[in-house]
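Secondary and tertiary structure notes
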Amino acid sequence: MPKNINQSLLDGLLERVSIPANLLEAPAPSDEDLKTMINAALTAPDHAGLRPWRFVIIRDHALQRLGDIFREAVKLKQPDSSEAELESARQKALRSPMVITVVATVKDHPKVPQHEQILSAGAAAQNLQLAANALGYGSIWLTGPFAGDEHVCRSLGLASTDRIVGFVYLGTPSPAAAMARKKLQNRPQAADFTVNWTG
């Protein structure tokens, strides 16, 4: 085993859990902490240095607008939706004090296929979550139908080639979030997911 072990980093990796969005409260990450989180995201593996990621930060009054966009998206696809269904869609944007939309900015490249660029953006989202956890915040990565919805993408100013890899909901874990951490007791074990291939 290497002598120079970063135990705090290792602990953060092993202890991270997703906190339900409705258990994330104010305060949201500060501007300084947000900068640290984004810088961590930017260390994601990036074949050919394409930097195929963008982060759309949504907070304060913009969360209300995101909720309206979600509502509009449902109405456009399902015109007969009830008011309760439309309101449920709107509320999905309001479950935490900050949402970061992680976007894969896919480019044509002779050596880097599109799926690899999307995976890079996914790695960036994971790094962002790990940094948030290290700073004392909670998060959950959600997708759902809005991630691939044309109206949502257009309203967020994304290009036609962009892909939303997820909405990362962020905030301070509420006291009730301690229950979510009990998931640590039921972690899957490495041996159940690995095989030693010998050729």
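Worth saying up front: this structure is predicted, and the values here are computed from it rather than measured. Numbers given to residues run from 1 along each chain, matching the order in which its sequence is written. pLDDT decides what is reported in this predicted model: residues at 70 or higher carry local features, side-chain atom pairs at 80 or more are listed and counted, and totals for whole chains, interfaces and linings draw on all residues regardless. Hydrogen atoms and water are omitted, and side-chain values are computed over all heavy atoms in the structure.

Another aspect to go through is helix 5 (residues 114-134). Comment: elements are numbered from the N terminus, with helices defined as DSSP H or I runs of at least four residues and strands as E runs of at least two. In a helix, the anticipated span is given by 1.5 Å times the number of residues less one. If you check helix 5, its first and last C-alpha atoms are 31 Å apart, about what 21 residues at 1.5 Å a residue would give, namely 30 Å. Turning to helix 5, its buried residues are Q117, S120, A121, G122, A124, A125, L128, Q129, L130, A131 and A132. Any two residues whose heavy atoms approach within 4.5 Å are treated as being in contact. Contacts from the buried residues of helix 5 go to helix 1 (7-15), helix 2 (31-41), strand 2 (53-59), strand 3 (98-105), strand 4 (138-142) and strand 5 (162-173). Looking one or two residues beyond helix 5, the residue adopting positive phi is G136, at roughly 95°. Exposed residues in this analysis have more than 50% of their type's maximum accessible area, buried residues have under 20%, and partly exposed residues fall in between, with area computed by a 1.4 Å probe over protein chains only.

A separate point is the packing of helix 2 against helix 5. Packed helix pairs are characterised by how far apart their axes lie and by the angle those axes make with each other. Running from amino to carboxyl end, helix 2 crosses helix 5 at an angle of 140°, the nearest separation of the two axes being 7 Å. As far as their axial angle goes, helix 5 and helix 2 are oblique. In this structure, helix 2 crosses over helix 5, and the sense of that crossing is right-handed. When helix 2 is examined against helix 5, the residues M37, I38, A40 and A41 are found in contact with a partner set consisting of A124, N127, L128, A131 and A132. Between the N-to-C directions of two axes lies an angle of 0 to 180 degrees, each axis being a line fitted to C-alpha atoms and, for a helix, fitted only over the stretch in contact. Note on angle classes: values under 35 degrees are labelled roughly parallel, values over 145 roughly antiparallel, values of 65 to 115 roughly perpendicular, and the remainder oblique. Helix crossings are classified by the rotation of the near helix relative to the far one: an anticlockwise turn of less than a right angle makes the crossing left-handed, while a clockwise turn makes it right-handed.

Now for the nonpolar core. Ranked by size, the top nonpolar core spans 28 residues in total, and within it F70, F146, V152, I164, F167 and Y169 carry the most contacts. Elements represented by at least two residues in this core include exactly helix 3 (61-77), helix 4 (83-91), strand 3, helix 6 (150-155) and strand 5. With six residues, the top contributor of residues to this core is helix 3. Those residues in contact with F146, other than ones at most four positions away along the chain, are F70, A73, V74, A89, K92, V152, I164 and F167. What makes a nonpolar core is a set of buried Ala, Val, Leu, Ile, Met, Phe, Trp, Tyr and Cys residues whose side-chain atoms join them at distances within 4.5 Å. In terms of nonpolar packing, the next biggest core, distinct from the first, is built from 22 residues, M37, I38, W53 and A132 among them.

Another point: the packing of aromatic side chains. Side-chain rings of Phe, Tyr and Trp (the six-membered ring for Trp) are treated as a pair once their centres are within 6.5 Å; stacked means planes under 30 degrees apart, edge-to-face means over 60, and tilted covers the remaining angles. One pass over the structure, following the stated rule, counts two aromatic pairs. Ring geometry for F70 versus F146: centroids 4.1 Å apart, planes at 0°, classification stacked. Within this pair, whereas F70 is found in helix 3, its partner F146 is found in the loop between strand 4 and helix 6, the two being separated by 76 residues in sequence. Assigned by exposure class, F70 and F146 land together as buried. With centroids separated by 5.7 Å and ring planes inclined at 75°, the aromatic side chains of F70 and F167 adopt a geometry described as edge-to-face. Of the two residues, F70 sits in helix 3 while F167 sits in strand 5, which places them 97 residues apart along the sequence. Here F70 matches F167 in class, with each residue buried. An aromatic cluster is present here, built from F70, F146 and F167 joined pairwise through their rings. Taking NZ or CZ as reference, R95 lies 4.9 Å from the ring centre of Y169, over its face. In this scheme, Lys NZ or Arg CZ marks a charge over a ring once it lies within 6 Å of the ring centre and within 35 degrees of the ring normal.

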